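Report on the structure
Chain by chain, the residues:
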Amino acid sequence: MKKDRVMKRLIPQLGEGALESRGDAFTTLARSIIGQQISVKAAQTVWDRFAALPTVMAPAQVLGLKMEDMRAAGLSARKADYLLDLARHFDAGQLHIDDWQGMDDEAIITELIAIRGVGRWTAEMFLIFHLLRPNVLPLDDVGLINGISHNYFSGDPVSRSEAREVGEAWKPWCSVATWYIWRSLTPLPVAY
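A brief report on the enclosed structure follows.

So, how was this worked out
Residues numbered from 1 in each chain as written. Predicted model: local features only at pLDDT ≥ 70, side-chain atom pairs only at ≥ 80, totals over all residues. Heavy atoms only, no water. Helix = DSSP H or I, 4+ residues; strand = E, 2+ residues; numbered from the N terminus. Rg over C-alpha atoms; globule rule 2.2 N^0.38 Å. Buried < 20%, exposed > 50% of the residue type's maximum accessible area, 1.4 Å probe, protein only. Contact = heavy atoms within 4.5 Å. Areas by Shrake-Rupley, 256 points an atom, 1.4 Å probe, with all protein chains shown as cover. Lys, Arg positive; Asp, Glu negative; His and termini not counted. Charge placed at Lys NZ, Arg CZ, Asp CG, Glu CD. Salt bridge = Lys/Arg side-chain N within 4 Å of Asp/Glu carboxyl O. Phe/Tyr/Trp six-rings, centres within 6.5 Å; stacked < 30°, edge-to-face > 60°. Core = buried A, V, L, I, M, F, W, Y, C linked by side-chain atoms within 4.5 Å. Axes fitted to C-alpha atoms, helices over the stretch in contact; angles between N-to-C directions. Parallel < 35°, antiparallel > 145°, perpendicular 65-115°, else oblique. Nonpolar A, V, L, I, M, F, W, Y, C, P; charged D, E, K, R; others polar.

Some details on the overall build of the protein chain
Secondary structure assignment for the protein chain yields 11 helices and zero strands. Along the protein chain, helices and strands appear, N-terminal first, in the series α-α-α-α-α-α-α-α-α-α-α. In terms of C-alpha radius of gyration, the protein chain reaches 17 Å, essentially the compact-globule figure of 16 Å for 192 residues. Along the first, second and third principal axes, the C-alpha set of the protein chain runs to 50 × 35 × 30 Å. In the protein chain, buried positions account for 46% of the 192 residues. When contacts within the protein chain are restricted to residue pairs at least 6 apart in sequence, those whose partners lie at least 24 apart make up 62%. With the model as given, the accessible surface of the protein chain reaches about 10000 Å², and the carbon-plus-sulfur share is 53%. Across the protein chain, the centroid of the 21 positively charged side chains sits 6 Å from that of the 23 negatively charged ones.

Okay, structure coming up:
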């Protein structure tokens, strides 16, 4: 708030809150995959249907799901394939889950983007919502770009470069500022 006039206004206006981890890496990544390129509301609807399919949300359980059931839950064939690849990576122990807390952000992003359907945006959502990393600026996030446009540029289009410049004032708390920018557009807290 001391370094940014918009945050000085937004934080008191939106009230206190905090980023919270759901505590399960697999679930966080699966929710992020489902949430790609769709609204928060649509993502929640699809997630609710998908999460009802396995008896427990776990990699081995997801690997046992039928493609037609996943499609009936509202997943595209591509997203269903991505979720199966995610489950395979977890089930086969191909990820360094126990090392993530000590790894830097870029090393984790590199590991995660080896999973089909996990790009930089999904990996950054994981850093923010699972590992609770404080200084992630997800420049590929449409909500962040729209929020910066709305709050800093009177609704005028914003380039990634301009968004990066705005984010400079947020360091070392870019994740927190991003969360408030999202909340300025949709009062319900975003969570993955």
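Notes on the pattern of salt bridges
Applying the stated criterion across every chain, the model contains eight salt bridges. For D105, the salt bridge identified is with R133, shortest N-O distance 2.5 Å. Highlighted residues: D105 in helix α7 (residues 105-112) and R133 in the loop between α8 (120-129) and α9 (142-152), separated in sequence by 28 residues. Measuring nitrogen to oxygen at the nearest pair gives 3.0 Å for the salt bridge that ties E124 to R120. With E124 and R120 both in helix α8 and four residues apart, the pair spans about one turn of that helix.

Some details on the packing of aromatic side chains
For any two aromatic rings, the description comes down to two numbers: the centre-to-centre distance and the angle of the planes. Applying the stated criterion to the full structure yields six aromatic pairs. Taking the centre distance of 5.8 Å and the plane angle of 55 degrees together, the rings of W47 and F50 count as tilted. Taken as a pair, W47 and F50 lie in helix α3 (residues 40-51) at a separation of three residues, close to a single helical turn. Classification of W47 by relative accessible area gives buried; the value is 8%. Seen from their ring centres, F129 and W182 are 5.7 Å apart, and the 10 degrees between their planes marks the pair as stacked. On the criterion of sequence distance, the pair formed by F129 in helix α8 and W182 in helix α11 (residues 174-185) is long-range, its members being 53 residues apart. When its relative accessible area of 6% is taken as the criterion, W182 is described as buried.

Some details on the nonpolar core
As a rule of thumb, soluble globular proteins bury nonpolar side chains together. Ranked by size, the top nonpolar core spans 58 residues in total, and within it F50, L83, L86, W100, L112 and W170 carry the most contacts. When sequence neighbours within four positions are dropped, the list of residues in contact with L83 reads A30, I33, I34, F50, V62, M70 and L75.

Describing the packing of α9 against α11
Across the interface, α9 lies against α11 with an axial gap of 9 Å and an inter-helix angle of 75 degrees. Relative to α11, the element α9 lies roughly perpendicular. Facing G143, L144, N146, G147, I148, H150, N151 and Y152 of α9, the residues of α11 in contact are T178, I181, W182, S184 and L185. Among the residues making up the contact of α9 with α11, the classes are represented as six nonpolar, seven polar and no charged.

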